[in-house]
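These are the residues of each chain, in order.
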Number of protein chains: 2
Amino acid sequence: MTYLEQAPDTLDLAMARAGLSDVEAVWADYVNGPKVRKLSLSSHEAVFYEGDPADHMYELASGTVMLYKLLPDGRRQVVEILKEGDLFGFQCGRNYDCTAETLSGAELRALSRRDIDVSLSLQRYVGERMFAKMENLHEHAMLLGRKSAMERVASYLMRFVPGRGIADCMGPAEGSDVDEGLIELSMTRQEIADFLGLTIETVSRAISEMKRRGLIRIEKQDRIMIPRICNLCRLTGMH
Amino acid sequence: MTYLEQAPDTLDLAMARAGLSDVEAVWADYVNGPKVRKLSLSSHEAVFYEGDPADHMYELASGTVMLYKLLPDGRRQVVEILKEGDLFGFQCGRNYDCTAETLSGAELRALSRRDIDVSLSLQRYVGERMFAKMENLHEHAMLLGRKSAMERVASYLMRFVPGRGIADCMGPAEGSDVDEGLIELSMTRQEIADFLGLTIETVSRAISEMKRRGLIRIEKQDRIMIPRICNLCRLTGMH
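Residues numbered from 1 in each chain as written. Chains lettered and ligands numbered in written order. Predicted model: local features only at pLDDT ≥ 70, side-chain atom pairs only at ≥ 80, totals over all residues. Heavy atoms only, no water.

Chemist: Sorry, what's going on with the overall build of chain A here?
Modeler: Broken down by element type, chain A carries eight helices and eleven strands. Taken along its principal axes, the extent of the C-alpha atoms in chain A is 65 × 50 × 30 Å. Expressed as a percentage of its 239 residues, the buried residues of chain A come to 51%. When contacts within chain A are restricted to residue pairs at least 6 apart in sequence, those whose partners lie at least 24 apart make up 72%. (Helix = DSSP H or I, 4+ residues; strand = E, 2+ residues; numbered from the N terminus. Buried < 20%, exposed > 50% of the residue type's maximum accessible area, 1.4 Å probe, protein only. Contact = heavy atoms within 4.5 Å.)

Chemist: What exactly am I supposed to notice about the nonpolar core here?
Modeler: Side chains that are nonpolar tend, in soluble globular proteins, to be buried together. Judged by nonpolar contacts, the single largest core of 102 residues is most densely connected at Phe 88, Leu 157 and Met 210 of chain A together with Phe 88, Leu 157 and Met 210 of chain B. Among the nonpolar cores identified, the runner-up in size contains 36 residues, and Val 26 of chain A together with Val 26, Trp 27 and Phe 131 of chain B belong to it. (Core = buried A, V, L, I, M, F, W, Y, C linked by side-chain atoms within 4.5 Å.)

Chemist: Please explain the relation of the copies chain A and chain B as it appears in this structure.
Modeler: Each of the two copies of the chain can be brought onto the other by a rotation about an axis and a shift along it. The two copies are related by a screw operation: chain A maps onto chain B through 180 degrees of rotation and 0.0 Å of translation along the axis, at an RMSD of 0.0 Å. The operation mapping one copy onto its partner corresponds to a two-fold rotation axis. Of all interface residues in chain A, 100% are interface residues in chain B too; the two copies therefore contact each other through one and the same surface. (Least-squares fit on C-alpha atoms with pLDDT ≥ 70 in both.)

Chemist: Would you mind showing me how to read the sheet that holds strand β1 (residues 37–41) of chain A here?
Modeler: Strand pairing in a sheet relies on backbone hydrogen bonds, with the paired strands running either antiparallel or parallel. Residue and element names in this part refer to chain A. Read across the sheet, four strands follow the order β1-β8-β3-β6 without closing on themselves; strand pairing throughout is antiparallel. Each edge of the sheet is formed by a strand with only one pairing partner; in this case those strands are β1 and β6 (87–88). Note that β1 and strand β8 (residues 106–111) share five bridges and pair antiparallel. Note on β8: the bridge partner recorded for Ser 40 is Glu 107. Most of the contacts of helix α2 (residues 20–31) go to β8, to which it runs at about 100 degrees, and overall it touches β1, β3 (57–62), β6 and β8. (Pairing = 2+ DSSP bridges. Axes fitted to C-alpha atoms, helices over the stretch in contact; angles between N-to-C directions.)

Chemist: Please clarify how the interface of chain A and chain B should be interpreted in this entry.
Modeler: Accessible area lost upon the coming together of the parts is a frequently used measure of interface size. Contacts between chain A and chain B engage 53 residues on the former and 53 residues on the latter. Of all residues in chain A, the largest losses of buried area upon contact with chain B belong to Phe 131, His 138 and Arg 146 of chain A, amounting jointly to 17% of the total for that side. If you look at where chain A meets chain B, you find ten salt bridges. The partner of Glu 151 of chain A in a salt bridge is Arg 75 of chain B, with the nearest N and O atoms 2.8 Å apart. The set of elements that each furnish at least two residues to the side of chain A that touches chain B consists of α1 (8–17), β4 (65–70), β5 (76–82), α3 (113–117), α4 (120–146) and α6 (189–196) of chain A. The leading source of residues in the side of chain A that touches chain B is α4 of chain A, at 19 residues. In terms of residue class, the side of chain A that touches chain B is built from 25 nonpolar, eleven polar and 17 charged. (Buried area = accessible area lost by both parts, 1.4 Å probe. Salt bridge = Lys/Arg side-chain N within 4 Å of Asp/Glu carboxyl O. Nonpolar A, V, L, I, M, F, W, Y, C, P; charged D, E, K, R; others polar.)

Chemist: How should I be thinking about the sheet that holds strand β2 (residues 46–48) of chain B in this particular structure?
Modeler: Taken in spatial order, the four strands make up an open sheet running β2-β7-β4-β5 (chain B), and their pairing is antiparallel. Edge positions in the sheet fall to β2 and β5 (76–82) of chain B, since each of these pairs with one other strand and no more. Geometrically, the sheet is characterised by an average inter-axis angle of 30 degrees between neighbouring strands, direction not taken into account. Note that β2 of chain B and strand β7 (residues 99–102) of chain B share two bridges and pair antiparallel. Across the sheet, Phe 48 of chain B pairs through a bridge with Ala 100 of chain B, a residue of β7 of chain B. Where α4 of chain A meets the sheet, its contacts fall on β4 (65–70) and β5 of chain B, and the angle it forms with β5 of chain B comes to roughly 130 degrees. In the packing of helix α6 (residues 189–196) of chain B onto the sheet, contacts are made with β4 and β5 of chain B, and the angle to β5 of chain B comes to roughly 95 degrees.

Chemist: Explain the packing of aromatic side chains here, please?
Modeler: The geometry of two aromatic rings is summed up by the distance between their centres and the angle between their planes. In this structure the tally under the stated criterion is 18 aromatic pairs over all chains. Here the aromatic rings of Trp 27 of chain A and Tyr 30 of chain A are separated by 5.9 Å at their centres, their planes lie at 65 degrees, and the arrangement is edge-to-face. Residue Trp 27 of chain A and its partner Tyr 30 of chain A are located together in helix α2, separated by three residues, close to a single helical turn. This pair shows no difference in class: Trp 27 of chain A is buried, exactly as Tyr 30 of chain A is. For the ring pair Phe 48 of chain B and Phe 88 of chain B, a centre distance of 6.0 Å and an interplane angle of 40 degrees mean the geometry is tilted. With a gap of 40 residues between them, Phe 48 of chain B in strand β2 and Phe 88 of chain B in strand β6 (residues 87–88) connect regions that are remote in the sequence. For the residue pair Phe 48 of chain B and Phe 88 of chain B, the accessibility class agrees, reading buried in each case. Three or more aromatic residues joined by ring pairs form one cluster here, namely Phe 48, Tyr 58, Phe 88 and Tyr 96 of chain A. Seen from the ring of Tyr 68 of chain A, Arg 76 of chain A lies directly overhead, with NZ or CZ sitting 4.8 Å from the centre. (Phe/Tyr/Trp six-rings, centres within 6.5 Å; stacked < 30°, edge-to-face > 60°. Lys NZ or Arg CZ within 6 Å of the ring centre and 35° of its normal.)

What follows is the structure, given as structure tokens:
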């Protein structure tokens, strides 16, 4: 790949006419290139705090990061849970509007707004990711504003089941009797509560109720077996 | 302004080096130019529905628009309230993720993703607006997940008081004994409830309680007098 070695005007006009997969290739070149600094963080380390000067943007290369906001009296709302490939730290103002904290060991790439601002391809990549993020934030507002505690916890668990419970979910594989899933949570009960707008007691009660009804089995502290995925999905309020 | 008459590569490289006010000038040129179609809608008309093919993006030139999502059983969450200058309808997927409906008579500009995708300046403008929108969505998640009913209604009313209740609010004008504000609501009690994640009864109760405590006076159906703005602001949970 030699995109970044071309003159930027040639590069950008070529990319403007190209499809999104080319834009993704330019992005991959950029984030793996020499201009981007790599960071390794351990679990529960802060990347930045709410109110810090917003001097960098980040891509999460591996691991999990949460973004949260605090009210002056200490109430906390986790506003985003980020996974591999997600971008964060893009601010309109001069300061970060939330705190970013790792939920696991994480590899980050620190990006420069300047590099991105001068490349049509990099901008388009960021734009696409922002639009996807906005859809997630709309979905989360729906969960926080209108879903019951059980629906919120079921929706949270379904996040970890790949390809299921989404708009174009096809249900279990055809002809298969088995429709189980084993998921591993990386968040504490308190963190889950702060993401779902619930108290820790309400989260624990919902999980106990799901266990009692045979919808989930707790294998270890953080491992949960879902014996029939469709049954759990029906509790999310999306059916 | 002749930016758009220049060759796009010259234009974009010039803009990349320029400040944000130049980017805004290019945007103004574009949205007032011949490529952009204007639309006039009356109150409570749908611009598009959740699930429609996402074929256009829009700028709200005047009026108010709300974006909402529905659960299959009819529960509704208003996820954004848009005002003059706001952009909406930018999707990552092929379909709109929410319904857009006017709250008042509104003038819209229908924009083309293609035009924006080939201009660094237009992209940068959209990017800045998206980052601001993301901060609003984080703020709204905090409200929905962690604020009491009174705090939510107080926060809602403070949205209509220009320059107050925000991060760098300076309080009432110095030396002035008067700190009142007259605001006009364009949403019904049900729409307010659907934005704040409350029932209509809870919104009405909170408003009655504020009236009883002398924090607000209802002048007409939709006009509310706030005799001391700071007193209302103290109820928002941000102090």
